Amino acid sequence: MVKRAAEPELEENAEDIDSDFSDNDDASSVSDAESVEESAQGKRLRLAKQYLEKLENEQLKTENDSEINRDLVAHRLQQDVLAEKGKLETRVGKRLCVLENKFTLKGHRLSPTCLAITDTHLFSGSKDGAIIKWDLSTGKKVSVVKHDSKKQILALAASTDNMYLASGGQDKVIILWDIDTMTFVKCFRKHRGAITALAFRRNSHLLMSGSADRSVNLWNCDDKLYIESLYGHQDIVTGMDSFLQERVVTVGGHDRTLRLWKIQEESQLVFNGHKNTVLDCVSMLNEEHFVTGGQDNVLAVWHIKKKKPAITQIKAHAKGSWISAVAGLKNTECFISGSNGGNVKIWACGENYRSMECIKSIEIVGTVNSIVISQDNSSFVLAVGQEPKMGRWWSDKVARNSVLVFPMVIEDEESTDDIFN
């Protein structure tokens with residue numbers, strides 16, 4: 001009886017033990033499931049955090065880019081406004097490079113005296129009376145025209161829209177040509193002396209002419225009409241230039257004056273600086289600064305609000321040289337000067353136009369009678385002759401009557417940060 005009573009107790013105890021093991025197994029399974037579930041949630045949380053961080057970085061980058069873009073746009077708009085007013089100055093002196101692949105255009109029998117340039121073509125006038133149109137891309141002669149008188153050509157000017165070419169010379173008339181076809185358009189007669197200088201206002205058909213009769217005439221090429229005459233010079237008008245505004249600067253030979261004519265205001269400003277010499281050439285850098293050269297071998301840079309030169313460079317070329325031609329790179333601090341002294345020089349004005357330095361000198365045989373620079377500053381051209389433009393005071397038989405084309409490039413700034421400095 002005792003044995004029979006003990007056996008059930010053992011069985012019950014066994015059942016209790018089995019039950020304990022079963023409960024432990026169930027708890028372990030729940031714990032493992034919870035661990036797996038927490039791991040998945042953590043992964044999702046991590047991915048969500050990474051995604052949000054990525055979005056924040058992209059948004060920050062976009063905001064930074066937008067801020068930079070706004071600064072660039074504002075800077076560009078400011079530059080455009082200054083350019084329209086002719087007050088823009090981009091400093092290019094350290095980045096200006098003259099390339100080695102120059103080429104020579106030969107076609108004139110006598111000394112070339114004047115040049116004009118468009119986007120695709122070059123025009124040269126000469127003492128032989130010929131006006132030659134050249135293709136800048138090939139260097140080939142396109143066409144040749146002459147005035148009816150066949151007298152010397154002393155001045156050329158091309159409109160910036162590549163529509164008109166104006167020419168003048170010893171026959172005292174100005175001929176307007178169609179640039180594309182080089183056909184006759186109009187003959188302007190008003191001057192009583194040789195036409196010695198011509199200039200178009202940029203982006204306009206307003207033509208200005210200077211003459212040996214000491215006057216400056218204005219012409220409307222759209223209506224083919226004479227507008228008015230400006231008087232003040234006491235000698236031959238040897239050079240002139242114009243830019244964006246209705247203004248023209250002129251130099252008056254032996255009267256040694258530089259004059260800025262304000263056409264709308266019907267007034268003029270007179271500048272004096274060269275002494276005991278003849279002023280031969282003038283060019284504008286912008287609407288506020290211009291440069292002159294004369295037979296005293298002196299270069300002078302002027303400011304519109306100062307009656308005396310801001311910078312004077314004596315002995316600019318070889319001893320005894322005449323500075324016979326200058327040309328400014330518009331809206332920059334640089335310009336080019338030529339003489340009969342055997343070289344052409346590229347100059348850069350210092351900060352606030354307090355100094356100038358020669359940054360490049362190129363040897364040339366002959367007299368540089370004219371210099372023009374392409375509108376995009378991709379090249380400059382020289383008219384080189386045996387004789388000077390206005391006379392026959394010398395004749396260099398070693399020189400060749402030719403037109404020289406020098407490609408050049410303005411290198412990009414190292415970083416956009418320089419724009420804001």
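This one's a predicted model, so the numbers in the text were calculated from it and none came from an experiment.

What counts, and at which threshold
Residues numbered from 1 in each chain as written. Predicted model: local features only at pLDDT ≥ 70, side-chain atom pairs only at ≥ 80, totals over all residues. Heavy atoms only, no water. Helix = DSSP H or I, 4+ residues; strand = E, 2+ residues; numbered from the N terminus. Buried < 20%, exposed > 50% of the residue type's maximum accessible area, 1.4 Å probe, protein only. Contact = heavy atoms within 4.5 Å. Areas by Shrake-Rupley, 256 points an atom, 1.4 Å probe, with all protein chains shown as cover. pLDDT = per-residue confidence, 0-100. Pairing = 2+ DSSP bridges. Axes fitted to C-alpha atoms, helices over the stretch in contact; angles between N-to-C directions. Polar contact = N/O pair within 3.5 Å; in protein donor to acceptor, adjacent residues only side chain to side chain. Salt bridge = Lys/Arg side-chain N within 4 Å of Asp/Glu carboxyl O. Phe/Tyr/Trp six-rings, centres within 6.5 Å; stacked < 30°, edge-to-face > 60°. Lys NZ or Arg CZ within 6 Å of the ring centre and 35° of its normal.

Participant: Summarise the overall build of the protein; cite the residues concerned and give the values.
Facilitator: The helix and strand tally for the protein stands at two helices and 29 strands. Per-residue burial for the protein yields a buried fraction of 48% across its 421 residues. In the protein, the share of contacts with a sequence separation of at least 24, taken over all contacts with a separation of at least 6, comes to 48%. Only carbon and sulfur atoms are counted for the fraction: they give 47% of the accessible area of the protein, which is about 22200 Å².

Participant: Describe in detail the confidence of the model for the protein, supporting the description with residues and values.
Facilitator: Confidence in the prediction of the protein, expressed as mean pLDDT, is 86, and 82% of residues score 70 or more. In the predicted structure, residues 415-421 sits below a pLDDT of 50 and forms six contacts with residues beyond four places in sequence or in another chain.

Participant: I'd like a rundown of the sheet that holds strand β9 (residues 173-178), residues and numbers included.
Facilitator: Judged by pairing direction, the sheet is antiparallel, and its four strands sit side by side in the order β7-β8-β9-β10 without closing on themselves. This sheet does not close on itself; its edge strands, each paired only once, are β7 (153-158) and β10 (184-189). Across the sheet, the mean angle separating the axes of adjacent strands is 20° when strand polarity is ignored. Where β9 and β10 come together, five bridges link them in antiparallel fashion. Looking at β10, one finds that leucine 176 is bridged to lysine 186.

Participant: Go over the side chain of serine 339, please, and point to the residues and values.
Facilitator: Mapped onto the elements, serine 339 comes out in strand β24 (residues 334-339). A polar contact is formed between the side chain of serine 339 and the backbone nitrogen of glycine 341, at a distance of 2.9 Å.

Participant: Give a detailed account of the side chain of threonine 277, specifying residues and quantitative values.
Facilitator: Within the element layout of this structure, threonine 277 appears in the loop between β18 (267-272) and β19 (279-284). Polar contacts involving the side chain of threonine 277 include one to the main-chain amide nitrogen of glutamine 295, which spans 3.3 Å.

Participant: Please set out the pattern of salt bridges residue by residue, giving values where relevant.
Facilitator: It is possible for side chains of opposite charge to pair when their charged atoms get near one another. Evaluation of the coordinates by the stated rule reveals five salt bridges. The partner of glutamate 387 in a salt bridge is lysine 127, with the nearest N and O atoms 3.1 Å apart. Taken together, the positions of glutamate 387 in the loop between β28 (379-385) and β29 (402-410) and lysine 127 in the loop between β4 (121-126) and β5 (130-135) put the pair 260 residues apart, joining distant regions of the chain. When sorted by exposure, glutamate 387 lands in the same class as lysine 127, which is buried. Measuring nitrogen to oxygen at the nearest pair gives 2.9 Å for the salt bridge that ties arginine 392 to glutamate 387. Classification of glutamate 387 as buried rests on a relative accessible area of 11%. Residues participating in the shared-partner salt-bridge network are Lys127, Glu387 and Arg392.

Participant: Can you lay out the sheet that holds strand β14 (residues 225-231) for me, pointing to particular residues and giving the numbers?
Facilitator: Pairing within the open sheet is antiparallel, and its four strands lie in the order β11-β12-β13-β14. At either end of the open sheet lies a strand with only one pairing partner, and these are β11 (195-200) and β14. Neighbour to neighbour, the strand axes of the sheet diverge by 20° on average, direction disregarded. Examined bridge by bridge, strand β12 (residues 206-211) and strand β13 (residues 215-220) share five bridges and lie antiparallel to one another. Within the sheet, the bridge partner assigned to serine 209 lies in β13 and is asparagine 217.

Participant: Could you give an account of the packing of aromatic side chains, naming the residues involved and the relevant values?
Facilitator: Geometry of an aromatic ring pair is reported as the spacing of the ring centres plus the angle between the planes. On inspection of all chains with the given rule, the structure shows eight aromatic pairs. A ring pair is formed by phenylalanine 335 and tryptophan 347, whose centres lie 6.4 Å apart and whose planes are at 15°; its orientation type is stacked. Residue phenylalanine 335 is found in strand β24, and its partner tryptophan 347 is found in strand β25 (residues 343-349); the two are separated by twelve residues along the sequence. Through pairs of rings, three or more aromatic residues link up here, namely Phe188, Trp219 and Tyr226. A cation over an aromatic ring shows up here: lysine 190 above the ring of tyrosine 226, its NZ or CZ 4.8 Å from the ring centre.

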